[in-house]
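If you want the building blocks of each chain, they are given just below.
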Amino acid sequence: MDSMKRFRCVIVGGSGALGSTICRRLYKDGAHIGWTYHSGEVIAANLRGELPDSVGLRVDLRDTTQVEQTIAAFAQQLGGIDALIHCAAICLTPGDEIPPDQTQKLPHVHRAGWDELMAINVSSVYFACREAVPHMQAAGGGNIVLVGSVSGTRPLPSPIHYATSRTALEGMARAMSKEVGPDNIRVNVIEPGILEAGVSRSLPGTLREEYEKHCALKRVGTMSEIANVVAWFAQHNTYVTGQNILVDGAL
Ligand SMILES: NC(=O)c1ccc[n+]([C@@H]2O[C@H](COP(=O)([O-])OP(=O)(O)OC[C@H]3O[C@@H](n4cnc5c(N)ncnc54)[C@H](OP(=O)(O)O)[C@@H]3O)[C@@H](O)[C@H]2O)c1
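Predicted model only: the values in this text are computed from it and were never measured.

What counts, and where the lines are drawn
- Residues numbered from 1 in each chain as written.
- Predicted model: local features only at pLDDT ≥ 70, side-chain atom pairs only at ≥ 80, totals over all residues.
- Heavy atoms only, no water.
- Helix = DSSP H or I, 4+ residues; strand = E, 2+ residues; numbered from the N terminus.
- Expected span 1.5 Å × (residues − 1).
- Contact = heavy atoms within 4.5 Å.
- Core = buried A, V, L, I, M, F, W, Y, C linked by side-chain atoms within 4.5 Å.
- Buried < 20%, exposed > 50% of the residue type's maximum accessible area, 1.4 Å probe, protein only.
- Pairing = 2+ DSSP bridges.
- Axes fitted to C-alpha atoms, helices over the stretch in contact; angles between N-to-C directions.
- Near = heavy atom within 4 Å.
- Polar contact = N/O pair within 3.5 Å; in protein donor to acceptor, adjacent residues only side chain to side chain.
- Areas by Shrake-Rupley, 256 points an atom, 1.4 Å probe, with all protein chains shown as cover.
- Phe/Tyr/Trp six-rings, centres within 6.5 Å; stacked < 30°, edge-to-face > 60°.
- Salt bridge = Lys/Arg side-chain N within 4 Å of Asp/Glu carboxyl O.

**Q** For this particular structure, what's the right way to read helix α5 (residues 160-180)?
**A** What sets the pattern is the α-helix's 3.6 residues per turn: residues three or four places apart point alike. A rise of 1.5 Å per residue sets the reference length of α5, with its 21 residues, at 30 Å; its end C-alpha atoms lie 30 Å apart and thus fit the reference within 8%. In this structure, the buried residues of α5 make contact with α4 (111-139), β5 (142-147), β6 (185-192) and β7 (243-247).

In structure tokens:
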């Protein structure tokens, strides 16, 4: 990349607890960023105020056409794409009421919820990457950073459809790394453990306590700790690809 040119990065899920921390971090580093939101109108308005020359676009990740159009719009408004970060997911889906202090289990997940979760957590990742890759090829290379979860790689009590969707990112990154590696594009999955906010708000308190007990660092992670790793992979990674990187304090 031309050293005089600003680093151009798209963050899908920029309105999330982790996504907004990543946006602030990259903005502080001088990147020209584009980020998405869906229902988080207030957070989006705050981000626009805080990060004035960033580009915030609304997208419904359940709709593949919207995903593709949004990435294309970012490429146009940023003048290209050097990195794509996908940091949007849902953890619970509509269905039967979940008993107190439990995660969503087999009988609570219905077909419509399964399809919705897979559309947001898996399909939108694939189609966002598919749309971004030609822009990275045009830029001479880039980094794709997918945010997964420890529950995609370790046996933990978590909703099965959510864990399945997180593991899917590993296969996606491995195969994609082979296909786009010759174009100098790297693809990796960052897998956080339980964090201080975000999707973990739906976890039973007992699970959080268990996590802290078994984690070597004896605490959950902060958003900044994950954002720092993601930002490094997006901006500075040159030779790591096809990997899933656990950032879980050694569970
Ligand atoms: N927090 C944790 O403890 C934890 C642990 C391990 C892994 N992770 C991973 O970290 C990533 C970010 O999670 P988070 O904790 O930051 O969650 P979060 O605060 O709930 O944010 C989720 C993001 O996904 C977006 N989103 C959800 N449904 C959407 C839809 N239909 N269309 C468009 N956007 C949609 C949300 O947009 P709006 O809010 O604007 O609707 C938001 O930007 C996920 O990949 C998750 O698996 C989190």
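**Q** How should the nonpolar core be read in this particular structure?
**A** Most often, soluble globular proteins keep nonpolar side chains buried together rather than apart. By size, the foremost hydrophobic cluster in this structure holds 36 residues, and its most contacted members are Val10, Ile71, Leu84, Ile144 and Leu146. Of all the secondary structure elements, the ones that give two or more residues to this core are β1 (8-12), β3 (55-58), α3 (64-78), α4, β5, α5 and β6. Setting aside anything within four residues of it in sequence, one finds valine 10 in contact with Gly34, Ile71, Phe74, Leu78, Ile81, Ala83, Leu84 and Ile85. Ile33, Trp35, Leu51 and Ala227 belong to the second-largest nonpolar core, a separate cluster that totals 28 residues.

**Q** Would you take a moment to explain the sheet that holds β5 for this structure?
**A** Two strands in a sheet stick together by hydrogen bonds in their backbones, pointing the same way (parallel) or opposite ways (antiparallel). In space, the 7 strands of this open sheet follow the order β3-β2-β1-β4-β5-β6-β7, with parallel pairing throughout. Here the strands that pair on one side only, and so sit at the sheet edges, are β3 and β7. Averaged over all pairs of adjacent strands, the angle between their axes in this sheet comes to 20 degrees, without regard to strand direction. Bridge count for β5 against β6 is 6 bridges, and the pairing is parallel. The partner of valine 147 across the bridge, within β6, is isoleucine 190.

**Q** Even after reading the chapter, I still don't get the site of the ligand, so can you show me in this structure?
**A** Taken together, 31 residues surround the ligand, and among them Ser15, His38, Ser39, Tyr162 and Ala197 come closest. Residue serine 15 places a side-chain N or O atom 2.7 Å away from an oxygen atom belonging to the ligand. Serine 200 has a polar side-chain atom sitting 3.4 Å from an oxygen atom of the ligand. Calculation on the ligand without its partners gives an accessible area of 900 Å², and the protein chains cover 92% of this total. Only α1 (17-28) and α5 provide two or more residues apiece to the shell around the ligand.

**Q** Just to check I follow, could you spell out the environment of histidine 135 for this structure?
**A** Along the polypeptide, histidine 135 turns up in helix α4. For histidine 135 and leucine 217, which are 82 residues apart along the polypeptide, the C-alpha to C-alpha distance reads 40 Å. With residues near it in sequence (within four places) discarded, histidine 135 still touches Ala75 and Ile81.

**Q** Where do I start with the packing of aromatic side chains in this structure?
**A** Each aromatic ring pair is summarised here by two numbers: the centre-to-centre distance and the angle between the ring planes. Summed over the entire model, instances satisfying the criterion amount to 3 aromatic pairs. Ring geometry for tyrosine 126 against phenylalanine 127: centres 5.0 Å apart, planes inclined by 80 degrees, an arrangement best described as edge-to-face.

**Q** I tried to follow the pattern of salt bridges on my own but got confused; where do I start?
**A** Where side chains of opposite charge bring their charged atoms close, a pairing between them can arise. For the coordinates displayed, the defined rule picks out 13 salt bridges. Where arginine 62 meets aspartate 60, a salt bridge forms, and the shortest distance between an N and an O atom there is 2.7 Å. Owing to a relative accessible area of 42%, arginine 62 belongs among the partly exposed residues under this scheme. We note a salt bridge from arginine 130 to glutamate 68, for which the minimum N-O separation is 2.8 Å. Remark: glutamate 68 occurs in helix α3 and arginine 130 occurs in helix α4; sequence separation between them is 62 residues. One connected set of salt bridges, linked through shared partners, spans Asp60, Arg62 and Glu116.

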